[in-house]
Structure formats: structure tokens, C-alpha cells
Amino acid sequence: MARNPAAQTAFGPMVLAAVEQNEPPARRLVDDDLADLFLPAPLRWLVGASRVTALRRLLIRGSEWAGPGLWATLACRKRFIADKIAEASDDINAVVILGAGLDTRAYLLNRQIRIPVFEVDLPVNIARKAKTVRRVLGGPPLSVRLVALDFERDDLLTALAEHGYLPDYRAFFICEGVTQYLTEDGVRRTLDGLRAAAPGSRLVFTYVRRDFIDGTNRYGTRTLYRNVRQRKQLWHFGLQPGEVADFIGEYGWRLIEQAGPDELMARYVRPTGRKLKASQLEWSAYAQKI
């Protein structure tokens, strides 16, 4: 299978989710009993070692070396998205996960609601996902469809329609940890593809601050900046919080809520009593199609 630098980033968020399962329930930031199973064997071994509290603390601290505060920020964005899906569950009839990677959300949702879930990602990630789902579950549930797509070149709704997506679906679109890997043209192409989404559809997405992308503020993550902007040029796109409403408004979406790191920490981390720091690098936003 061909290597793609962006595709390789699919592992990190699932390692986080799997390691979080080894925290006591009252201290856990993410609930995902499938995360460990979806990882390749070497990473499952690492997750297993994190059952030892001291090793788990060491692993979390080690992950902070490249990006201080990113552990809590990534965990909180998952909780934010889960909350928004739960709030909208009675008002949607499809879910579309953009940049699905190894994410287990489609299969956790399948336990609760039986509506179509479309997992969209690069062909290399979709091939890996199909293989993983066969290994873990014997195959995808009937409600889950895997859609291979290049966000920079392909038309999103056309690709979805080829896998059974209907234009009158009131869909919930999830774009978690994706926008920074696209060019601005790729982000706009994706949003333009969603112009035809039915009114009442929802969109939740995360974004990296633009002043990090242009290098004017590195938010204490110099190592991360070198990795994603200087050495590999993995991250391309960012926004500032004050720009979001107008940016998505051009494509028919109304911003309902934005949540910055401090708010998400207060909402999800503080009640656990855990002493984690937040990175100011990434924000989450929630919108509705008008």
C-alpha cells in the first residue's frame, strides 16, 4: 500500500482514544471500546502497556513533547462532536464523516441509530479501513458505506451519491482534524460540494488557527511547526475565529457555536480532576445549513 504522509496521521487520534480507555471511568475523556481493536498490532501493544498508570502518564507526557496541550485538545474535540451528534440525533437521517481515517464513530453510532453513515477519505485510508473493519467486525454493517475520494480533486456529493447518498438527506457532516491538511482551494471545493446539502443539515468541523499556519504565532509548539510546516509541509490551511462565520456563510452555512480550547477544557477536562493543559492551536465549530 502506497505511503502518504497525511494518511499516516490516522493512527494518532485512535491511539489517544484507546489509551483513554485505560483511565478510570470518572477520569476518562473519551469512551471508545473499539479504538484499541482498530489499531495495528504494534500500537495495540503500546496501548496495552498503558494499562500501567505510570506508563500511561509517561506516554501522555511524551505525546506533549511535539505539541503541548494537544492530548487534551484532541480528546475534547471528540467529545464536542459526540455531544453535537447526540443533540441532533432526532433531526438527522444520515451522517457523513469526512477524513474518517481509522475513526470508530460510524460503528459506535451503528449501535445506537440505524441511519446511513458514509465514511469518506483518501483511497489509501479507505483501503486500510476496509481491511481493518473486516478483521475486527467481519465486514462493515449494512448502514456504513466507505467512500474513497481526493478532497482536492473530486466532487464530494457525486462520490457520495455513487454510494447511495440521497440529495434530500438532512445529514450531519463531520470534518474532524481535516481542514489543516487541505489547501484553501481544497477546503473551498469541499464546502462548495456541500452547497446542495438539504436545509437543516449540520456541520461540525475543527480548524487550526491561521496565525500558526503563517508562522506568526507558534503557540509554544515549535517542534510541531517544524514537522507540519517546514519539513513535510503537511498543514496548509487555517482560519481565525472571527473569520469563520463569514467563511462558511459564503456556502450557505450559519455558524451556531464555536468552542475554543479554554471552553472545552472547562466543559470536559475540569470535571475529571485531571491536570492537563490545553493547546490554543485548534478550535471547533458547529453550523447549520440554511
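Looking up the protein chain in an unreviewed UniProt entry gives the name S-adenosyl-L-methionine-dependent methyltransferase, with the organism given as Mycobacterium sherrisii. The heading Sequence similarities (unreviewed entry) in the UniProt record of the protein chain holds the text "Belongs to the UPF0677 family." Heading Function (unreviewed entry) of the UniProt record for the protein chain holds this comment: "Exhibits S-adenosyl-L-methionine-dependent methyltransferase activity."

Caption draft 1: Looking closely at the overall build of the protein chain. The helix and strand inventory of the protein chain stands at twelve helices and seven strands. For the protein chain, whose C-alpha radius of gyration is 18 Å, the value lies close to the compact-globule estimate of 19 Å for 290 residues. Each principal axis of the C-alpha distribution contributes one length, and for the protein chain these read about 50 × 45 × 40 Å. For the protein chain, buried positions account for 56% of its 290 residues. A separation of at least 24 residues holds for 75% of the contacts in the protein chain among residues at least 6 apart in sequence.

Caption draft 2: Spotlight on the sheet that holds strand β5 (residues 202-208). Across the sheet, seven strands lie side by side as β3-β2-β1-β4-β5-β7-β6; this open sheet has mixed pairing. Looking at the sheet topology across the chains shown, the edges are occupied by β3 (144-148) and β6 (253-259). Direction aside, neighbouring strands of the sheet carry axes that sit 20° apart on average. Packing against the sheet, helix α4 (residues 70-88) makes contact with β4 (171-175), β5, β6 and β7 (282-289), and its axis sits at approximately 15° to β7.

Caption draft 3: Structural detail: the side chain of glutamate 20. Counting through the fold element by element, glutamate 20 comes out in helix α1 (residues 11-20). Here the side chain of glutamate 20 touches leucine 29 through a polar contact of 2.9 Å, landing on its backbone nitrogen. Here glutamate 20 is in contact with Arg27, Arg28, Leu29, Val30, Trp71 and Arg274, once residues within four sequence places are set aside.

Caption draft 4: Molecular detail of the nonpolar core. Counting residues in hydrophobic clusters, the biggest one holds 60 residues, and the most contacted among them are Val95, Tyr107, Phe172, Ile174, Phe212, Trp235 and Leu281. Take this core: its biggest share by element is ten residues, from α4. If near-sequence neighbours (up to four positions away) are discounted, isoleucine 174 is found in contact with Ile81, Ile85, Val95, Val96, Ile97, Leu98, Arg105 and Val204. Formed by 36 residues, the second largest nonpolar core is a distinct cluster that contains Phe173, Cys175, Trp283 and Ala287.

Caption draft 5: Highlighting a positive patch on the surface. Taken together, the side chains of Arg218, Arg222, Arg226, Arg231 and Lys232 present a region of like positive charge at the surface. Considering the arrangement of structural elements, one finds arginine 218 in the loop between α9 (210-213) and α10 (222-231).

Caption draft 6: The arrangement of the environment of aspartate 214 in detail. One can find aspartate 214 in the loop between α9 and α10. Separated by 91 residues in the primary sequence, aspartate 214 and proline 123 have C-alpha atoms spaced 29 Å apart. At a separation of 2.8 Å, a polar atom in the side chain of aspartate 214 contacts the side chain of threonine 216.

Caption draft 7: Focus on the pairing of strand β1 (residues 94-98). In terms of burial, β1 is a largely internal element, five of the five residues being buried. Side chains Ala94, Val96 and Leu98 of β1 all project onto a buried face; the interleaved residues Val95 and Ile97 project onto the opposite face, where all are buried too. By the bridge criterion, five bridges tie β1 to β4 in an arrangement that is parallel. Residue alanine 94 lies in a different strand from β4, and its bridge partner there is alanine 171.

Caption draft 8: View of the packing of aromatic side chains. Enumeration according to the criterion identifies 13 aromatic pairs in this entry. Ring geometry for tyrosine 165 versus tyrosine 169: centroids 5.3 Å apart, planes at 75°, classification edge-to-face. The residues tyrosine 165 and tyrosine 169 share a single accessibility class, namely buried. Members of the aromatic cluster, joined through ring pairs, are Phe118, Tyr165, Tyr169, Phe173 and Trp253.

Caption draft 9: Spatial organisation of the layout of surface pockets. What the second largest pocket holds in volume is close to 470 Å³. Taken together, 20 residues line the second largest pocket, and the ones lying closest to its centre are Asp31, Ala82, Arg105, Leu108 and Gln112. Per-element tally for the lining of the second largest pocket: the top contributor is α4, with six residues. Tallied by class, the residues present in the lining of the second largest pocket amount to ten nonpolar, three polar and seven charged.

Caption draft 10: Spatial organisation of empty space enclosed by the protein. As enumerated under the stated definition, the model contains one cavity of 30 Å³ or more in all. By volume, the largest cavity is sized at about 150 Å³. Lining the largest cavity are 18 residues, with Cys175, Thr179, Val187, Leu191 and Phe205 sitting closest to its centre. Secondary structure elements with two or more residues in the lining of the largest cavity: α8 (184-193), β5 and α11 (244-249). Considering each element in turn, the lining of the largest cavity owes the most residues, four residues, to β5.

Definitions and limits used
- Residues numbered from 1 in each chain as written.
- Predicted model: local features only at pLDDT ≥ 70, side-chain atom pairs only at ≥ 80, totals over all residues.
- Heavy atoms only, no water.
- UniProt positions renumbered as here; feature names shortened; annotations may be inferred.
- Helix = DSSP H or I, 4+ residues; strand = E, 2+ residues; numbered from the N terminus.
- Rg over C-alpha atoms; globule rule 2.2 N^0.38 Å.
- Buried < 20%, exposed > 50% of the residue type's maximum accessible area, 1.4 Å probe, protein only.
- Contact = heavy atoms within 4.5 Å.
- Pairing = 2+ DSSP bridges.
- Axes fitted to C-alpha atoms, helices over the stretch in contact; angles between N-to-C directions.
- Polar contact = N/O pair within 3.5 Å; in protein donor to acceptor, adjacent residues only side chain to side chain.
- Core = buried A, V, L, I, M, F, W, Y, C linked by side-chain atoms within 4.5 Å.
- Patch = residues over 30% accessible without salt bridge, like charges linked within 9 Å, V, L, I, M, F, W, Y side chains within 5 Å.
- Areas by Shrake-Rupley, 256 points an atom, 1.4 Å probe, with all protein chains shown as cover.
- Salt bridge = Lys/Arg side-chain N within 4 Å of Asp/Glu carboxyl O.
- Lys, Arg positive; Asp, Glu negative; His and termini not counted.
- Charge placed at Lys NZ, Arg CZ, Asp CG, Glu CD.
- Phe/Tyr/Trp six-rings, centres within 6.5 Å; stacked < 30°, edge-to-face > 60°.
- 1 Å grid on protein atoms, 1.4 Å probe; cavity = no way out; pocket = protein on both sides within 12 Å on 5 of 7 lines; lining within 4 Å.
- Points joined across faces, edges and corners; volume = space filled by probe spheres on them.
- Nonpolar A, V, L, I, M, F, W, Y, C, P; charged D, E, K, R; others polar.

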